[in-house]
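# An overview of the molecular structure
What follows is each chain in one-letter form.
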Amino acid sequence: MRVVICGAGQVGYGIAERLASERNDVSVIDTSRSLIQAIRDNLDARGFVGHGAHPDVLAEAGAEQADMIIAVTLHDEVNMVACQVAHSLFNVPTKIARIRSQSYLRSHWQDLFSTDNMPIDVIISPEVEVGEMVLRRIALPGAMDAVRFADDTIAMVAIECRDDCPVVDTPLDQLTELFPDLKATVVGIWRGERLFIPTSSDQMVAGDVAYVVAERSHVRRTLGLFGHEEPEAGRIVIVGGGNIGLYVARQMESRNLGAKVRVIEADHERAITIADTLKRTIVLHGSGLDQAILNEADIRQSDLLVALTNDDKVNVLASVMAKRLGCSGNLTLLNNPDYQSFTRTLGIDAFINPRSVTISRVLQHVRRGRIRAVHSIQNGVAEVIEAEALETSPLVGKPLRELDLPENLRIGAIYRNGEFVRPSGQTKIKAKDRVVIFATASAVRHVEQLFRVSLEFF
């Protein structure tokens, strides 16, 4: 696949890194010479210094032969114009744009991004994507990661196996025998710095992170079996009233989630704006690193602090301070992947990487075949993929035990006619089934091939 990426920041670099490692033909455009030099030095991709919306720069980057343009610069308008130029002058088939401003995304302007107006095929709003991820994590205390598939009927959760975890040192096939009615499957284990697909004889040890695919109604029971029975947060303090913080607070009000929420915002004018916007949320003006402000937010009696500022250092320190002051738990936004390795040491319970969330959304549309959803694991070490089985797929019609599937992927669940099916050796996948698969990076291409339309179909 030939892909042109406009923007070489964290998201653009991450997408280019992933696609280049899979041997796609990747060109990256950015106005920053240093960012483009980093692309040239570190990736098997071409870099071009210039404006991503200018026709001559797009032409030089190979837009005429491109299958896709991904516009993820820091400016919405540049991203939109880049897609328009790619469509009008170069007839690029697929156009993806990152749009931050919610003004463009309001429902009564939904015709803006149609083929007759602004021809963008996929709109990615980082604030909404990250905000929804935050809400899912709040709803599932005890989960280090959580994402939903198949019309929200299937969930993948990452669960830490602590020293008191009841299921450690127990072979997975024995767990199946002990809980035969549990609709959940362990599909991956992160141990130390290594991720692997477990066999039925493998067992988890303290310190592991288990990736489990489960029917949504069985997620809480699954968390409980791993020793995570943390109650839902009733008192929440949000540090940072930016786009993400405001989105989370507003959604918690509109969905009547019941938790009492307080927001701390450092900018005085912004604090006034969000206070006028929110109806039942207390807004405090001050720094999330000010102990007096945290105490005013009643941090000692709070169940969860959610740090959502644009500064990773503020998020980390606010989370640590909150814990020291008596807050039960924390959830931290971390843009810099280098910080993620020492979060546990500092006492950070869970974190969200906005770059990973955005890249996952892009990969959903980059992946070939009938791919419905993608979620990146451990900075691209693995992916959870939801795909639709076709009549010509080699998966269809044979018991799973008879399929010659590689060891580095695991089928976690099947969604058939609105119902969850837990896979076993005798399970047969049918056409139109939606299959949730956990695959390491080396197996992703194999998954794509399994769900592509064969030429024999036509």
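Where an unreviewed UniProt entry is consulted, the protein chain appears under the name Trk system potassium uptake protein TrkA, with the organism given as Aurantimonas marianensis.

This brings us to the side chain of Arg98. For Arg98, the location among the structural elements is in strand E5 (residues 94–98). No salt bridge is formed by the buried Arg98, whose closest oppositely charged neighbour, Asp76, lies at an N-O distance of 6.4 Å. In terms of polar contacts, Arg98 uses its side chain to reach the backbone carbonyl oxygen of Val72, at 2.6 Å. Only 3.1 Å separates the side chain of Arg98 from the backbone oxygen of Thr73, close enough to count as a polar contact.

Judged by how many residues are buried, strand E18 (residues 371–377) sits mostly within the fold: 6 of 7 residues are covered. Bridge count between E18 and strand E19 (residues 382–388): 6 bridges; the pairing is antiparallel. Counterpart to Ser376 in the pairing with E19 is Glu383. Here E18 hands over to E19 after 4 residues, with Gln378 in that stretch at a positive phi of 50°.

This brings us to the nonpolar core. Ile5, Ile15, Ile70 and Phe451 are the most contacted members of the largest nonpolar core, which totals 45 residues. Per-element tally for this core: the top contributor is helix H1 (residues 10–21), with 6 residues. If near-sequence neighbours (up to four positions away) are discounted, Ile15 is found in contact with Ile5, Ile70, Val72, Ile359 and Val362. Leu278, Val283, Leu308 and Val357 belong to the second-largest nonpolar core, a separate cluster that totals 28 residues.

Within the UniProt annotation, "domain: RCK C-terminal" (unreviewed entry) is assigned to residues 144–228 and 372–453. Note that residues 144–228 is 16% helix and 36% strand, and that its end C-alpha atoms are spaced 11 Å apart.

A few words on the packing of aromatic side chains. Note on aromatic pairs: each is described by the distance of the centres and the angle between the planes. Going through the model one piece at a time under the given rule, you end up with 1 aromatic pair. Seen from their ring centres, Tyr211 and Phe438 are 5.6 Å apart, and the 35° between their planes marks the pair as tilted. Of this pair, Tyr211 sits in strand E11 (residues 209–215) while Phe438 sits in strand E22 (residues 434–440), placing them 227 residues apart in sequence. The exposure classification of Tyr211 matches that of Phe438, with both residues buried.

Below, the discussion takes up the UniProt feature "domain: RCK N-terminal" (unreviewed entry) in the protein chain. The positions UniProt marks with the feature "domain: RCK N-terminal" (unreviewed entry) are residues 1–124 and 233–352. Between the C-alpha atoms that bound residues 1–124 the distance is 21 Å, and the span itself is 33% helix and 22% strand. Helix and strand shares over residues 233–352 are 38% and 22% respectively, and the end C-alpha atoms of the span are 18 Å apart.

With that settled, consider the pattern of salt bridges. Enumeration according to the criterion identifies 20 salt bridges in this entry. When the shortest N-O distance is used, the salt bridge between Arg445 and Glu448 registers 3.5 Å. Separated by 3 residues within a single helix, Arg445 and Glu448 lie in helix H14 (residues 444–450), roughly one turn from each other. Several salt bridges share partner residues, and in doing so they unite Asp151, Glu386 and Arg434 into one network.

Procedures and definitions
- Residues numbered from 1 in each chain as written.
- Predicted model: local features only at pLDDT ≥ 70, side-chain atom pairs only at ≥ 80, totals over all residues.
- Heavy atoms only, no water.
- Helix = DSSP H or I, 4+ residues; strand = E, 2+ residues; numbered from the N terminus.
- Buried < 20%, exposed > 50% of the residue type's maximum accessible area, 1.4 Å probe, protein only.
- Lys, Arg positive; Asp, Glu negative; His and termini not counted.
- Salt bridge = Lys/Arg side-chain N within 4 Å of Asp/Glu carboxyl O.
- Polar contact = N/O pair within 3.5 Å; in protein donor to acceptor, adjacent residues only side chain to side chain.
- Pairing = 2+ DSSP bridges.
- Core = buried A, V, L, I, M, F, W, Y, C linked by side-chain atoms within 4.5 Å.
- Contact = heavy atoms within 4.5 Å.
- UniProt positions renumbered as here; feature names shortened; annotations may be inferred.
- Phe/Tyr/Trp six-rings, centres within 6.5 Å; stacked < 30°, edge-to-face > 60°.

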